[in-house]
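# Geometric and topological summary
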Amino acid sequence: MQCIDAQRQLQSLDLDQQPSALVAEHLRHCNQCHDFYEDFRLRLHLESFAVPEPDPGFLQQAMKQAGQRQHRASLGHRAWTAAVAASLLVALLLVGRWQLPEAPSPKTAMQLQPQATSEQQLKEVRILIVSDQDYQDAHIQVALHEDLQLRGYDQQKNLSWRTPLKEGQNLLTLPIQIGQKGGQLEVTSRLGMHTHSLQLPLARGEQPSG
Amino acid sequence: MVSVTSLSSWLTPARQRKSRFLALVEPHSKTLYQTAYRLTGNQSDTEDLIQELFLRLYQKQDHWVHLDNPRPWFLRSLYNLYIDLYRKRRRTAGANDKSKQLDDLPYQLASAAEVTPLEATLDSDQQRLLKKALDHLDAEERNLIVLHLMEGYSLPEVAEIQQLPLGTLKSRLHRSKEKLKKLLLKEPFPSAERFLKVVSYED
Ligand SMILES: [Zn+2]
């Protein structure tokens, strides 16, 4: 029997079929076909691995949860804490005509998940800007008091931008260099007559309280 | 006061990030689930892994949104998370497990313990055998087998995903295949009957 014929026959077998006596005899003496047959059966085994369908809605749900950042990392909060540790803190700034009495006071800096981070001087400060509607031309102003600097803008203590804002949450991440003495970061939004601002005390190494 | 024209590199509207994320990840979500299932062998670990993966992809969006084909990036993240899970499992099992002498059954330390009774019942004997055999591979080997032999990625593609030299991958593939063959394939004939491999065929 030729190898090519043996291999053709072997390829037509499935996992619980035995090769014919003729082919079996050939396999006994032909290492090449023996190896071929082993590889082939290994492939059949691997191909037989059945993956069940995901639970209905699971994938959509998991993607949405990732977007909402509400999902606690199930492998021990590692991914979540890593993300938070990378930023210094999250503060809230409201933009627009917020008049409802229950709206949080725009002067309140909300500190979420304070993390004592390393000795690094550079901190990413995240500010959640909540806007009441889309704006083409919101005015955002950053003032750096005392020993603070914005990376890439050395020595500049006051900066301002005109920027579009989307309705809802906008995340502003500022790379701030904190010097020995620390200092106060002030972020202000202005829209016509409506001005909101927040002040954040930033210190090196450890977190400001409250 | 200095006026700067754009704040956009530091400012991301949450809504936009979310819809962009959904649009870009959705087309890959099912295949990623499949890969994760082949790696873990059970539903509960697969779901954990996928949730963790989506979270990481969301957080790292800026690293991959510009890519024409982000799939390798996704698979690399999945691989890294799977390695973490695998090591964590092994540590936990090592700490609790006094029956070290039974260690020749490493699959007990990996995923077999996590298979729900229902899943176990639904598995055929062949499926159970295959899962056990795969559990004998370490995480790097299994990822290689899954991506290359089960999902058809080329070795250079897997090398990029696992960040390994091609040569290392090739010898690892050979080793993994031998392990699997030993576990999965019953010798059709007693090995003594076969010719010893003294001749290598024109290679
Ligand atoms: Zn032959």
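Structural notes, computed from the coordinates. Note that the structure is predicted; figures quoted are calculated from it, not measured. Each residue is numbered by its place in its chain's sequence as written, counting from 1. The order in which chains are written sets their letters, starting at A; the order in which ligands are written sets their numbers, starting at 1. Side-chain atom pairs in this predicted model are given and counted only at pLDDT of 80 or more, local residue features only at pLDDT of at least 70, and totals for whole chains, interfaces and linings cover all residues. Side-chain measures here rest on the full set of heavy atoms in the structure, leaving out hydrogens and waters.

## Here's the deal with the overall build of chain B
In this description a helix means any DSSP run of H or I spanning at least four residues, a strand means any run of E spanning at least two, and both kinds are numbered starting from the N terminus. Secondary structure summary: chain B contains nine helices and two strands in total. Each helix (α) and strand (β) of chain B, taken in turn from the N terminus, gives the series β-β-α-α-α-α-α-α-α-α-α. With 203 residues in all, chain B has 44% of them scored as buried. Here the analysis covers contacts within chain B between residues at least 6 apart in sequence; of these, 68% occur between residues at least 24 apart. Accessible area for chain B stands at about 10,800 Å²; split by element, carbon and sulfur atoms hold 53% of it. Partly exposed describes any residue whose relative accessible area lies between the buried limit of under 20% and the exposed limit of over 50%, with all areas from a 1.4 Å probe on protein chains only and scaled to the type maximum. Any pair of residues with heavy atoms lying within 4.5 Å of one another is described as a contacting pair. For the area figures, the Shrake-Rupley method with a 1.4 Å probe applies, and any residue is considered shielded solely by the protein chains shown.

## A short note on the pairing of strand β7 (residues 183-191) of chain A
Residues and elements named next belong to chain A. At least two bridges found by DSSP between two strands are what make those strands a pair. When strand β3 (residues 135-144) meets β7, the two strands line up antiparallel, connected through six bridges. Across the sheet, residue Ala143 finds its bridge partner in β7, namely Glu186. Across nine bridges, the pairing between β7 and strand β8 (residues 194-202) is antiparallel. The partner of Leu185 across the bridge, within β8, is Leu200.

## Here's the deal with the packing of helix α3 (residues 31-47) of chain A against helix α9 (residues 166-184) of chain B
Think of each axis as a best-fit line through the C-alpha atoms, taken over the contacting stretch in the case of a helix, with angles from 0 to 180 degrees between the N-to-C directions. Running from N to C, α3 of chain A and α9 of chain B cross one another at 80 degrees; their axes reach a closest spacing of 10 Å. Judged by the angle between their axes, α3 of chain A and α9 of chain B are roughly perpendicular. In this structure, α3 of chain A contributes Glu38, Asp39, Leu42, His45 and Leu46 of chain A to the contact, and α9 of chain B contributes Lys177, Leu180, Lys181 and Leu184 of chain B. Only Asp, Glu, Lys and Arg are considered charged, only Ala, Val, Leu, Ile, Met, Phe, Trp, Tyr, Cys and Pro nonpolar, and every remaining residue, Gly among them, polar. In the contact of α3 of chain A with α9 of chain B, the residues fall into four nonpolar, one polar and four charged. Working definition: roughly parallel below 35 degrees, roughly antiparallel above 145 degrees, roughly perpendicular at 65 to 115 degrees, and oblique for all remaining angles.

## Side note on the coordination of the zinc ion
Residues and elements named next belong to chain A. For Na, K and Ca the donor cutoff is 3.2 Å, while for all other metals N, O and S atoms count as donors only within 2.8 Å; water does not appear among the atoms, so some sites may look incomplete. Surrounding the zinc ion are the protein donor atoms Cys3 (SG), His26 (NE2), Cys30 (SG) and Cys33 (SG), which sit 2.1 to 2.3 Å from the metal. By the criteria applied here, four donors are tetrahedral when all angles lie between 85 and 135 degrees, four are square planar and six octahedral when opposite donors are over 155 degrees apart and every other angle lies between 65 and 115, and any other arrangement is irregular. Between the four donor atoms coordinating the zinc ion, the angles at the centre fall across 100 to 113 degrees, so the site counts as tetrahedral. Look at where the donors of the zinc ion fall in the sequence and you get C-x22-H-x3-C-x2-C. With Cys3 in helix α1 (residues 3-11) and Cys30 in the loop between α2 (21-29) and α3, this pair connects stretches of sequence that are 27 residues apart.

## Looking at the interface of chain B and chain A
Counting residues at the interface gives 68 residues for chain B and 67 residues for chain A. By buried area we mean the combined loss of accessible area, with a 1.4 Å probe, across both parts when two parts are placed together. Regarding the contact of chain B and chain A, the summed buried area is about 6,400 Å², with carbon and sulfur atoms giving 63% of it. A pairing counts as a salt bridge when a side-chain nitrogen of Lys or Arg comes within 4 Å of a carboxyl oxygen of Asp or Glu. At the surface where chain B touches chain A, the tally comes to four salt bridges. The residue Lys30 of chain B makes a salt bridge to Glu53 of chain A at a minimum N-O spacing of 3.0 Å. Identification of polar contacts relies on pairs of N or O atoms within 3.5 Å, with a donor-acceptor requirement for protein atoms, meaning one able to donate a hydrogen and the other able to accept it, and with residues adjacent in sequence counted only if both atoms are side-chain atoms. If you look at where chain B meets chain A, you find six residue pairs in polar contact (both at pLDDT 80 or more). Contributing elements (two or more residues each) for the side of chain B that touches chain A: β1 (2-4), β2 (11-13), α1 (14-40), α2 (43-59), α4 (71-96), α6 (125-135), α7 (139-150) and α9 of chain B.

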